[in-house]
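# Geometric and topological summary
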Amino acid sequence: MSPFSPADTIIIHNPKSGRRSRQVQARKLLTYFSQQGYEIVTTQYPGHATEIGKEQSRKGKTAVCCIGGDGTLGEVVRELDPNIRFGFFPTGTVNLFAMNLHIPSQADSWLEMFEKGRLKEVYVGEANGVSFLNVGSVGYDALVVSKVSTKVKQYVHEGAFILRACQEFWSYRVPHLSVSVDGKKIERAILGVIVGKGEYFAGPYSIFPGADLGNPNLNVAIILGNKKSQFLSFGFGLITGKLSTMNNVLLATAKTILVESEPSSHVELDGDAFGSTLIQFSINPLARKVLAPL
């Protein structure tokens, strides 16, 4: 029996997510789900996916399929019972979760995976108790994320972050970050912190080579330094795939990462703003089951 039968599964669709080409693929999936008798609910506003997921789990649904971006999927999973299975078709700007699990972005290939019903156990991170699937960060990149509106992302995509990064660079003031990894304080000057579950960050850029969402640990990259000009070398290392080997980047795995800042510093989770420090990243010990190629 399929783990995603029409009787057990709700389809949550964000029609405003991502590129037009991916929305075309999404419509193919929606046609399939409609023909097969699945219940489809369309999100109307930010946070709606969380409300839908909670309501449907109360009604006895045991599986959810999300058609949208990382932000929509995060909303779905954030307060979902860990026992509820979920699938994801990526239509967003970056789609790190799909990238980390090699989930297809073409409808035909995705449906082939869907019909096989293969499930993989993954672990999600938490930031001050709020779940995240892919990555959280503190510092300059989180500031940039906080300044990019959803509407701009919808039209400019990844370029929105690049443009905003250039605009914010000259006025940015480096805060004093204090970081502890599994209770051990890092006694170095720190420019920023990136915490991830998977390999990629900010798109197809490998930052934690070999990282696996099925591993019950967090990966952390601590960017060392105290001058914002050093972000230029960090950016070069990121786009060339050499960041993990750079001298000013400290990599580790951990269960908890505590970040404090003076003055307070911006925080982002899965590409969306998430307030400011003090922030503690941790791992949720309960595995989730997600549809994925094996």
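Above this text is the structure in question.
Just so we're clear, the structure is a prediction, and the values are computed from it rather than from any experiment.

## Re the overall build of the chain
Secondary structure assignment for the chain yields nine helices and 20 strands. On C-alpha atoms alone, the chain measures out to a radius of gyration of 19 Å, which is about the 19 Å that the 2.2 N^0.38 rule sets for 294 residues. For the chain, the spread of C-alpha atoms along the three principal axes comes to 55 × 40 × 30 Å. When burial is assessed residue by residue, the chain has 52% of its 294 residues classed as buried. Counting contacts in the chain only where the partners sit at least 6 residues apart, residues at least 24 apart contribute 71% of the total. Carbon and sulfur atoms form 51% of the exposed surface of the chain, whose accessible area is close to 13,500 Å².

## Thoughts on the pattern of salt bridges
For the structure on display, the rule yields five salt bridges. Lysine 61 is the partner of glutamate 39 in a salt bridge, and the nearest nitrogen-oxygen pair spans 3.8 Å. Linking glutamate 39 in strand β2 (residues 39-42) with lysine 61 in the loop between α2 (48-58) and β3 (63-68), this pair joins segments that are 22 residues apart in sequence. For glutamate 39, a relative accessible area of 34% gives the class partly exposed. Under the relative-accessibility criterion, lysine 61 is labelled buried at 14%. Measuring nitrogen to oxygen at the nearest pair gives 3.3 Å for the salt bridge that ties lysine 59 to glutamate 55.

## With respect to the packing of aromatic side chains
Following the criterion strictly, the structure yields 15 aromatic pairs and no others. Aromatic side chains tyrosine 32 and phenylalanine 33 sit 5.5 Å apart centroid to centroid with 70 degrees between the ring planes, which places their arrangement in the edge-to-face category. Given the relative accessible area of 0%, phenylalanine 33 is considered buried. Measuring from ring centre to ring centre gives 6.1 Å for tyrosine 172 and phenylalanine 231, while their planes differ by 65 degrees; the resulting arrangement is edge-to-face. One end of the pair, tyrosine 172, is in the loop between α8 (159-169) and β9 (176-181); the other, phenylalanine 231, is in helix α9 (residues 230-239), with 59 residues separating them in the sequence. Judged by its relative accessible area of 9%, tyrosine 172 falls in the buried class. An aromatic cluster is built from Phe4, Tyr32, Phe33, Tyr38, Phe89, Trp110 and Phe114, whose rings are joined through pairwise contacts.

## As for the state of the cysteines
By the definition in use, this model includes zero disulfides. Of the cysteine sulfurs around cysteine 65, a residue in no disulfide, the closest is that of cysteine 66, at 8.8 Å. Overall, cysteine 65 belongs to the buried group, its relative accessible area being 1%. Its relative accessible area of 1% is what places cysteine 66 among the buried residues.

## Remarks on the sheet that holds strand β14 (residues 218-224)
A sheet is described by the order of its strands in space; here six strands give the open sequence β15-β14-β11-β8-β17-β18, paired in antiparallel fashion. The open sheet is flanked by β15 (249-254) and β18 (272-276), the only strands paired with a single partner. Each strand axis lies, on average, 20 degrees off the axis of its neighbour in the sheet, ignoring direction. Helix-sheet contacts for helix α6 (residues 140-147) involve β8 (135-138), β17 (266-269) and β18, and the interaxial angle to β17 is about 75 degrees.

## What to know about the packing of helix α1 (residues 20-35) against helix α5 (residues 107-116)
Where α1 meets α5, the axes come as close as 9 Å, and the angle between the chain directions of the two elements is 40 degrees. When the interaxial angle is binned, α1 and α5 end up oblique. For the pair α1 and α5, the sense of crossing is right-handed. In contact with Gln25, Lys28, Leu29, Tyr32 and Phe33 of α1, α5 contributes Ala107, Trp110, Leu111, Phe114 and Glu115. Here the residues of the contact of α1 with α5 sort into seven nonpolar, one polar and two charged.

## Describing the pairing of β9
A regular strand places its side chains so that they alternate between the two faces of the sheet. Along β9, five of the six residues are buried, which leaves the element largely enclosed by surrounding structure. Where β9 and strand β16 (residues 256-262) come together, six bridges link them in antiparallel fashion. From the neighbouring strand, serine 180 faces β16, where its bridge partner is leucine 258. Across two bridges, the pairing between β9 and strand β10 (residues 184-185) is antiparallel. Its bridge partner lying in β10, valine 181 is registered against lysine 184. Hairpin connection from β9 to β10: two residues lie between these consecutive antiparallel strands, with aspartate 182 at a positive phi of about 50 degrees.

What counts and what doesn't
- Residues numbered from 1 in each chain as written.
- Predicted model: local features only at pLDDT ≥ 70, side-chain atom pairs only at ≥ 80, totals over all residues.
- Heavy atoms only, no water.
- Helix = DSSP H or I, 4+ residues; strand = E, 2+ residues; numbered from the N terminus.
- Rg over C-alpha atoms; globule rule 2.2 N^0.38 Å.
- Buried < 20%, exposed > 50% of the residue type's maximum accessible area, 1.4 Å probe, protein only.
- Contact = heavy atoms within 4.5 Å.
- Areas by Shrake-Rupley, 256 points an atom, 1.4 Å probe, with all protein chains shown as cover.
- Salt bridge = Lys/Arg side-chain N within 4 Å of Asp/Glu carboxyl O.
- Phe/Tyr/Trp six-rings, centres within 6.5 Å; stacked < 30°, edge-to-face > 60°.
- Disulfide = S-S within 2.5 Å.
- Pairing = 2+ DSSP bridges.
- Axes fitted to C-alpha atoms, helices over the stretch in contact; angles between N-to-C directions.
- Parallel < 35°, antiparallel > 145°, perpendicular 65-115°, else oblique.
- Left-handed = near helix turned anticlockwise from the far one by under 90°.
- Nonpolar A, V, L, I, M, F, W, Y, C, P; charged D, E, K, R; others polar.

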